[in-house]
Each structure stands twice: as C-alpha cells, then as structure tokens.
Amino acid sequence: MFFLHFPDSRTPLSEAADVLAELKLSGKIKAVGASNLNFAQLQEFNSAGHLDVLQAEYSLLVRQAEADVIPYCLEHGISLIPFFPLASGLLAGKYKKDDVFSDVSRMNNPLFQQDAYPANLERVDRFKAFANDKEAEPAQIALAWLLTRPAVDLIFPGATRPDQIESNLQTLSVHLSEDELKQLDVIFGNRY
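Cut-off values and rules
Residues numbered from 1 in each chain as written. Predicted model: local features only at pLDDT ≥ 70, side-chain atom pairs only at ≥ 80, totals over all residues. Heavy atoms only, no water. Axes fitted to C-alpha atoms, helices over the stretch in contact; angles between N-to-C directions. Helix = DSSP H or I, 4+ residues; strand = E, 2+ residues; numbered from the N terminus. Parallel < 35°, antiparallel > 145°, perpendicular 65-115°, else oblique. Left-handed = near helix turned anticlockwise from the far one by under 90°. Contact = heavy atoms within 4.5 Å. Nonpolar A, V, L, I, M, F, W, Y, C, P; charged D, E, K, R; others polar. Core = buried A, V, L, I, M, F, W, Y, C linked by side-chain atoms within 4.5 Å. Buried < 20%, exposed > 50% of the residue type's maximum accessible area, 1.4 Å probe, protein only. Expected span 1.5 Å × (residues − 1). Arc of directions from axis to C-beta.

1. Quick word on the packing of helix α5 (residues 116–133) against helix α8 (residues 178–188)
In a packed pair of helices, the relevant descriptors are the angle between the two axes and the axis-to-axis distance. Orientation of α5 relative to α8, taken along the N-to-C sense of each, is 160 degrees, at an axis distance of 9 Å. The orientation of α5 relative to α8 falls into the category roughly antiparallel. Both α5 and α8 take part in a crossing whose hand is right-handed. On the side of α5, the interface is formed by Arg123, Arg126, Phe127 and Phe130, while α8 contributes Glu180, Gln183, Leu184, Ile187 and Phe188. Along the lines of polarity and charge, the residues of the contact of α5 with α8 split into five nonpolar, one polar and three charged.

2. Details of the nonpolar core
Counting residues in hydrophobic clusters, the biggest one holds 56 residues, and the most contacted among them are Phe45, Leu54, Leu91 and Leu184. With residues up to four places along the chain from it excluded, the contact list for Leu54 reads Ala34, Leu37, Leu42, Val69, Cys73, Ile78, Ser79, Leu80 and Ile81.

3. Some points on helix α1 (residues 13–25)
Counted at 1.5 Å a residue, the expected span for α1 with its 13 residues is 18 Å, and the 18 Å between its end C-alpha atoms agrees. Of all the positions in α1, only Leu13, Ala16, Ala17, Leu20 and Ala21 are classed as buried. The buried residues of α1 all sit within an arc of 140 degrees when viewed along its axis, so they share a single face. Opposite the packed face of α1, turned more than 90 degrees from it, sit the exposed residues Glu22 and Leu25. Each element contacted by the buried residues of α1 is listed here: β1 (2–4), β2 (32–35) and α2 (39–45).

4. Brief notes about unusual backbone geometry
Backbone geometry at Phe84 places phi at a positive 55 degrees, although glycine is not the residue there. Topologically, Phe84 is positioned in the loop between β4 (79–83) and α4 (104–107). For Ala151, which is not glycine, the phi dihedral falls at a positive 80 degrees. With respect to the helices and strands, Ala151 occurs in the loop between α6 (138–147) and α7 (162–169). Take Ala151: its relative accessible area is 11%, and that puts it in the buried class.

Right, here's the structure in full:
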C-alpha cells in the first residue's frame, strides 16, 4: 500500500491519485491510500475511483467520520484505517484533571482544550468503569469498538512500550454485544 500522507497544495489531488493508480496497475504498489484529507479533498482524490484505503481520525471521542467519511467509504468500497484510535491517549484512561501538556500535539488538540478536557475526562471515567465491568483495559474496549464499525478493516493503535503491544493484542478477545455498544453510545454519543 502506498499512502499520500498529506495533500500537496501545488498538485491537484486527482492527479496524485492518477499517478498512484498507474503504480498500482503496473504492480509496483498493491493499494492506493490517502490520509489527512478533509471530506472535499477525499471526494477530489477519489474522483476517478482510485482510492482503496483512507486513514482518517476516528475514535469513541471523535466521531465526525460517521457523518460523511464512513458513508462515503462504504458507498465506494474504501477501507478506513482510523488514526488516533485512542484519542491521543485519552481513551487509554491515563490522564488526570491536573495534567499539564507541553507537547504540541495535545496542546493543539481540541479534545484537550479548556472545557472539553474536563468533560472528556468525565466520559472517560464512565468508560473506565464500563471497561472494568468487562474485565478489560479501556484501550482494549476502544479498539474493540472500532473493529465493530462499518468500513473499518484495520487499526494501527500505536504503542511506545512492549506491554502496550501485548495489551493491544488482547483486544481480539474482547467482544462487545449490541447492548454494550448502545451503552458506549450513551457514554460518548454521536457528537458530529
């Protein structure tokens, strides 16, 4: 698979997709992928139907993709790979109210801003109780939830330590019932 990771403002997206499609046709790559596209850019990139895989932000806390991206992917046979599947660590349950962030990725992330951060921590506290009742780690539940979502075929959860990789692998043994999926919707809602 070959990804256009960030759009190039000088090259039309449809032109970039055409070049990647030629590489696929010649057998040099197996799939055409794109990442970091807004919905209009997604449509432009896929105007000739070349896109196989899209990487877009999607998690229990960031569900905008449900409004437009996921229906588009389903309609066009595009696989979705969520990025930030653990909402930059929030869904792993590792942050507290008094944590201060100095890294740019969290300082600029709307999930960690002003009123959003304490509200998200409240959701995560209810989520942690849900995970505890399920005898699983919150991150495992968050990843298992993604595996139930339409168009999601693969997750890159990321890890910085070997124990996180082992924990992420345990996600495959977590099964969520329809009732449990509804409970997660109550905790997080469809906020798009």
